[in-house]
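Breakdown of the fold
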Amino acid sequence: MSKIMIPGILLFIILSLAANANADRNVIYKDPKQPIPLRIRDLMKRMTLDEKVGQMVQIERATATPEIMNEFSIGSVLSGGGSVPECHPTGLDQHG
């Protein structure tokens, strides 16, 4: 039985990778040769309402965690009003 399953699993992986590669070719918003209005329209059609709302939200730096940034698709982080980053923050500290 395992002799049959291993080739089947390998075939599934290969087909999945091929499908993924073809899917990226059809993504207009990733194609720099396409006009910007067309790229924007394509991206906006692919985004969920939650992702669109998240991109319009700006949260305060002190509350920005990697989990919050990812879960809510947060668009930007405010660092002001007395909230300052560490003396020598790393890119990970600033961007999650």
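Residues numbered from 1 in each chain as written. Predicted model: local features only at pLDDT ≥ 70, side-chain atom pairs only at ≥ 80, totals over all residues. Heavy atoms only, no water.

Okay, the overall build of the protein chain next. Scanning the protein chain from N- to C-terminus turns up 5 helices and 2 strands. Expressed as a percentage of its 96 residues, the buried residues of the protein chain come to 9%. Carbon together with sulfur atoms contributes 64% to the accessible area of the protein chain, which is approximately 8000 Å² in total. (Helix = DSSP H or I, 4+ residues; strand = E, 2+ residues; numbered from the N terminus. Buried < 20%, exposed > 50% of the residue type's maximum accessible area, 1.4 Å probe, protein only. Areas by Shrake-Rupley, 256 points an atom, 1.4 Å probe, with all protein chains shown as cover.)

Right, let's talk about the confidence of the model for the protein chain for a bit. A residue-level look at the protein chain finds 61% of positions with pLDDT of 70 or above and a mean pLDDT of 79. Mean pLDDT values for the elements of the protein chain range from 58 in helix α5 (residues 91-95) up to 95 in helix α2 (residues 36-46). (pLDDT = per-residue confidence, 0-100.)

A few words now on the environment of Lys-30. With respect to the helices and strands, the residue Lys-30 is situated in the loop between α1 (2-25) and α2. Exposure remark for Lys-30: the relative accessible area of 47% places this residue in the partly exposed category. Along the sequence, Lys-30 and Asp-42 sit 12 residues apart, while their C-alpha atoms lie 9.3 Å from each other.

Along the polypeptide, Asp-42 turns up in helix α2. For Asp-42, a relative accessible area of 8% corresponds to the buried category. Of note is the side chain of Asp-42, whose polar atom sits 3.2 Å from the backbone nitrogen of Ile-28. Residue contacts for Asp-42: discarding those within four places in its chain leaves Val-27, Ile-28 and Tyr-29. (Polar contact = N/O pair within 3.5 Å; in protein donor to acceptor, adjacent residues only side chain to side chain. Contact = heavy atoms within 4.5 Å.)

Time to look at the environment of Leu-38. Tracing the chain through its elements places Leu-38 in helix α2. Sequence separation of Leu-38 and Ile-28 is 10 residues, and the distance between their C-alpha atoms is 7.5 Å.

Now for a nonpolar patch on the surface. The grouping of Ile-36, Ile-40 and Met-44 at the surface amounts to a nonpolar patch, some 290 Å² of accessible area in total. Along the chain, Met-44 turns up in helix α2. (Patch = residues over 30% accessible without salt bridge, like charges linked within 9 Å, V, L, I, M, F, W, Y side chains within 5 Å. Salt bridge = Lys/Arg side-chain N within 4 Å of Asp/Glu carboxyl O.)

Pairing is possible between side chains of opposite charge, provided their charged atoms come close. Under the defined criterion, the tally for this structure stands at 1 salt bridge. Its salt-bridge partner being Asp-42, residue Arg-46 comes within 3.0 Å of it at the nearest N-O pair. One end of the pair is Arg-46 and the other is Asp-42, both in helix α2 and 4 residues apart, which spans about a single turn. The exposure class of Arg-46 is partly exposed, given its relative accessible area of 44%.

A few words on the environment of Tyr-29. With respect to the helices and strands, Tyr-29 occurs in the loop between α1 and α2. Note on Tyr-29: relative accessible area 28%, which makes it partly exposed.

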